[in-house]
Amino acid sequence: MSKERTRTGKPRQSEGVRAFKRGLDVLQEVNRSGGIRAGDVARALDLPRPTVYRLLETLEELGYVARSASDDRFRVTRLALSLGDGYDPGVVICQAAAPHLAELSKSLVWPVDLSTYENAAMVVQETTHSRSPLSIDRGMIGKRLPMLRTSAGRAYLAACPARERDLIVSHLRRIDEADDRPFLDQGRFDQMIAETQARGYAIRSEGEYNPKTASIAVPIVRDGTVFGCISIIWIRSALRIEEATAQFVRQLQEAAAAIPVEA
């Protein structure tokens, strides 16, 4: 029995094949994006939302994608190693940290970010901005944060091995952003690193990156490897840095220590 053909003469796809292709298209879109909501997948692929939700639920049941506990975005999982270059190690720490960030959001109220290092910047992988009633920033996932002017970048630089820190600083000097130059002064940089290492956490309190906000960050470190940083951001006029450190640091450090990661 011959297959049904389209007007162009090509064999018409069966319903099963079309469904399978749609599933692959959805998985590829999640993989490509690094983190995306179901509605955005539907718009990107021009598919009905109910179809996309159903396919994402199936992919989640099969273990290929996981929904973020903090912002309802879907990301590929460890099982998606078969996707090759699309697999991002940051996804692993992202999935491990999401429940801890969700718990922090209940007690700290101010928004909390998880960021990882990538090519001379810290990239926000998880956030509670969408849940926090005190947030003044939205759409933080994927945002690149400067290393020298944010608490996350400073926490990472202070916690990483000296050789890695030197390589990052050399990269920043080559990029030569005007706003970074004052912080690349060797004396000022060395003092910032020494103070951050002595405290065990980094601060941004002088309006360096965003004049309206301040932040504190703690690194997630296992056996000398820095997997990322957890930061809390608040409006500068609402809290003095001394008040913020007294309220936030211990809980941030406990969360960073509790996140299950493999060194």
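Residues numbered from 1 in each chain as written. Predicted model: local features only at pLDDT ≥ 70, side-chain atom pairs only at ≥ 80, totals over all residues. Heavy atoms only, no water.

### Observations concerning helix α2 (residues 38-45)
Next up, step 1: The complete set of buried residues in α2 reads Ala38, Gly39, Val41 and Ala42. Buried residues along α2 cover an arc of 160° about the axis, so they all sit on one side.
Next up, step 2: Next to the buried residues of α2 lie α1 (15-33), α3 (49-62) and β2 (74-76).
Next up, step 3: Remark: Asp46 follows α2 within two positions and exhibits a positive phi of approximately 55°. (Buried < 20%, exposed > 50% of the residue type's maximum accessible area, 1.4 Å probe, protein only. Helix = DSSP H or I, 4+ residues; strand = E, 2+ residues; numbered from the N terminus. Arc of directions from axis to C-beta. Contact = heavy atoms within 4.5 Å.)

### Concerning the packing of helix α6 (residues 162-175) against helix α7 (residues 186-199)
Next up, step 1: At their nearest, the axes of α6 and α7 sit 14 Å apart, and the two run at 140° to each other. The angle between α6 and α7 falls in the class oblique. As for how α6 packs across α7, the hand of that crossing is right-handed. Two secondary-structure elements touch here, α6 through Arg165, Val169 and Arg173 and α7 through Gln186, Phe189, Ile193 and Gln197.
Next up, step 2: For the contact of α6 with α7, the per-class residue count stands at 3 nonpolar, 2 polar and 2 charged. (Axes fitted to C-alpha atoms, helices over the stretch in contact; angles between N-to-C directions. Parallel < 35°, antiparallel > 145°, perpendicular 65-115°, else oblique. Left-handed = near helix turned anticlockwise from the far one by under 90°. Nonpolar A, V, L, I, M, F, W, Y, C, P; charged D, E, K, R; others polar.)

### A few points about the packing of aromatic side chains
Next up, step 1: If you walk through the whole model with that rule in mind, you get 2 aromatic pairs.
Next up, step 2: Here the aromatic rings of Tyr117 and Tyr156 are separated by 5.2 Å at their centres, their planes lie at 20°, and the arrangement is stacked. In this pair, Tyr117 is assigned in strand β3 (residues 112-117) and Tyr156 in helix α5 (residues 151-159), connecting sequence segments 39 residues apart.
Next up, step 3: Note on Trp234 and Phe248: the rings are 5.8 Å apart at their centroids and 55° apart in plane angle, and the pair reads as tilted. Of this pair, Trp234 sits in strand β8 (residues 225-235) while Phe248 is found in helix α8 (residues 241-258), placing the two residues 14 residues apart along the sequence.
Next up, step 4: In this arrangement the basic side chain of Arg199 is found over the ring face of Tyr201, its NZ or CZ atom lying 5.5 Å from the centre. (Phe/Tyr/Trp six-rings, centres within 6.5 Å; stacked < 30°, edge-to-face > 60°. Lys NZ or Arg CZ within 6 Å of the ring centre and 35° of its normal.)

### Comments concerning the pattern of salt bridges
Next up, step 1: Inspection of every chain in the model, using the stated rule, returns 11 salt bridges.
Next up, step 2: Between Glu126 and Arg75 there is a salt bridge, with its nearest N and O atoms 3.2 Å apart. One end of the pair, Glu126, is in strand β4 (residues 122-127); the other, Arg75, is in strand β2, and 51 residues separate them in sequence.
Next up, step 3: Given the relative accessible area of 3%, Arg75 is considered buried.
Next up, step 4: Measuring nitrogen to oxygen at the nearest pair gives 3.1 Å for the salt bridge that ties Glu242 to Arg240.
Next up, step 5: A relative accessible area of 48% means that Glu242 is categorised as partly exposed. (Salt bridge = Lys/Arg side-chain N within 4 Å of Asp/Glu carboxyl O.)

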